[in-house]
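# Chains, contacts and geometry: an overview
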Amino acid sequence: MVEIKKRIYIFGCIMWDVIGKPFEEMSKGKDSTGSIIERPGGVAFNVALGLSKILNEKSYELNLVSAIGENERTDIILKALKQNNINTKYLIINGNRNDQYLSIETKTGEIFGSINSSNTFLTHQNEIENKLSDICTEHKKSDNNAIFIFDGNCSREFLGLVKKQACDDIFTKYFIPANYSKLSEFKNNILFFKGFNLIINLEEANILIHSKNLKNSEEASKAIFEKIKTKKCLTIVTDGPNIAYGVSNEEVAGVRPKIIKSNTSRLGAGDTFFAYFLSYKELNPAASLKKSLNIANKKTHIHLKANDQKIFK
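Residues numbered from 1 in each chain as written. Predicted model: local features only at pLDDT ≥ 70, side-chain atom pairs only at ≥ 80, totals over all residues. Heavy atoms only, no water.

### So, the sheet that holds strand β9 (residues 111–117)
If you trace the 4 strands from one edge of the open sheet to the other, you get β3-β2-β8-β9, paired in mixed fashion. The open sheet terminates on both sides in strands that have one partner only, identified here as β3 (34–41) and β9. Strand-to-strand twist in this sheet, taken as the mean axis angle between neighbours without regard to direction, amounts to 15°. Here 8 bridges tie strand β2 (residues 15–22) to β3, and the two strands are oriented antiparallel to one another. Bridge pairing in β3 links Gly-20 to Ile-36. (Pairing = 2+ DSSP bridges. Helix = DSSP H or I, 4+ residues; strand = E, 2+ residues; numbered from the N terminus. Axes fitted to C-alpha atoms, helices over the stretch in contact; angles between N-to-C directions.)

### With respect to empty space enclosed by the protein
Inspection of the entire model under this criterion finds 2 cavities of 30 Å³ or more. Computed from the structure, the second largest cavity encloses a volume of approximately 40 Å³. Lining the second largest cavity we find Phe-121, Leu-122, Gln-125, Ile-128, Cys-154, Ser-155 and Phe-158. Those elements that provide at least two residues to the lining of the second largest cavity are α3 (119–123) and α4 (125–142). Grouping the amino acids of the lining of the second largest cavity by side-chain chemistry returns 5 nonpolar, 2 polar and no charged. (1 Å grid on protein atoms, 1.4 Å probe; cavity = no way out; pocket = protein on both sides within 12 Å on 5 of 7 lines; lining within 4 Å. Points joined across faces, edges and corners; volume = space filled by probe spheres on them. Nonpolar A, V, L, I, M, F, W, Y, C, P; charged D, E, K, R; others polar.)

### Brief notes about the packing of aromatic side chains
Throughout the structure, instances matching the rule amount to 15 aromatic pairs. Ring centres of Phe-175 and Phe-193 lie 4.8 Å apart, and the angle between their planes is 15°; this geometry places the pair in the stacked category. With Phe-175 in strand β11 (residues 171–176) and Phe-193 in the loop between β11 and β12 (196–201), this residue pair connects regions lying 18 residues apart in the sequence. For the pair formed by Phe-175 and Phe-193, the shared burial category is buried. Measuring from ring centre to ring centre gives 5.6 Å for Phe-193 and Phe-196, while their planes differ by 80°; the resulting arrangement is edge-to-face. Side by side, Phe-193 and Phe-196 carry an identical accessibility label, which is buried. Of note, Lys-163 hangs over the ring of Phe-192, and the distance from its end group to the ring centre comes to 4.1 Å. (Phe/Tyr/Trp six-rings, centres within 6.5 Å; stacked < 30°, edge-to-face > 60°. Buried < 20%, exposed > 50% of the residue type's maximum accessible area, 1.4 Å probe, protein only. Lys NZ or Arg CZ within 6 Å of the ring centre and 35° of its normal.)

### Thoughts on helix α1 (residues 43–52)
Among the 10 residues that make up α1, 9 are buried, leaving the element largely enclosed by the rest of the structure. Of the residues making up α1, those classed as buried are Val-43, Ala-44, Phe-45, Val-47, Ala-48, Leu-49, Gly-50, Leu-51 and Ser-52.

### As for the nonpolar core
Across soluble globular proteins, you tend to see nonpolar side chains buried next to one another. Phe-11, Phe-148, Phe-150, Phe-158, Leu-159, Phe-193 and Leu-198 are the most contacted members of the largest nonpolar core, which totals 49 residues. In this structure Phe-148 touches Tyr-9, Phe-11, Leu-132, Ile-135, Cys-136, Ala-166, Phe-171, Thr-172, Lys-173 and Tyr-174, once residues within four positions along its chain are discounted. In this structure, Ile-10, Val-18, Ile-86 and Phe-273 belong to the second largest nonpolar core, which totals 41 residues. (Core = buried A, V, L, I, M, F, W, Y, C linked by side-chain atoms within 4.5 Å. Contact = heavy atoms within 4.5 Å.)

Have a look at this one:
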C-alpha cells in the first residue's frame, strides 16, 4: 500500500535578503565598515527550508506557494528549493523582479532597522487565491488533512478567503506575522484569527488585542488564547531573548531562550524556531507543549551558532 504523504503548504513571500552588519557602533551620517551578505530569505522560504531539514520527504510533502520574478537570483532560489525537496508546483514565476528585504544589524547581531518590499507577491494575489482554492477543493474531495502556514505578507483579503475555504476539520492553520507594520490592518480584531494557531511576538500581540497593558508573553498568550479558543488551538507569544510562552487547551508552558553571547545574526531566528517546533510536534504528536517548545529552543540556539553568515551558492 502506498503511503499518503501529509502535505504542508507555506504561503508568503520569497525574499532576496540583503544584510548589512557593521564592525563598529553605528551613528547617523557616518559610514561604517562591515560586511554585506545577500541570500534567499523571507518567512515563507525560511520556514519551508527549516521544515525540510527535519521532516522526511517520504512522509511529508512541502509546498511553497509564492510569486517571484525570473532572473539570476531566481536560479539560486530554485536550486535551493530543489536541493531541499521543496515542491515548486504552486510557485508563480512572472516578470523579472523579486521581493526584497534589506536589514541593517547592530554589531552584536540584533536588527537595527529594515525595509520590506513585497510588491511581487501582492501583485499576484489573484493567482495565489486561485491556487488556494484549487488546493482546498482537492483536499476536500480526498478528505486528506493538510497544514497551512501563512506569513505576515498575506493580505487581510487573502486570509479572509482562507477562513471561508479552509475548514478546520481538514486544515490546520498557522499564522506567523513577522511583519509588525502590516498588522495594523487587524488592530483590535483578534477574533479575525479564530481558527488559526498564532505564533507572534509581544508587540504584535498588543496590536492584535489593541492593548498596551500586556506586559509579558505569559499574560499576552493567555489573553489572546481566550479570545480565539477552539477545540484545536494554540497560541505562542515570544518576547525576544526573554521568554516564549505557549497556551493550548491542555497546557500552559514557557521556555527561556539560551543567551547567545556571540555576535551571531538573529535574522530568521523566529522562523527557525517555528520550523523546529512544528517539526517536533508533527513527529511526536503525544509530546507536551513544554517539550516541543524546549526542543525548538535548543535546536534554534544550535542553528544560530552553526549557521552564521550562511550563503547559498
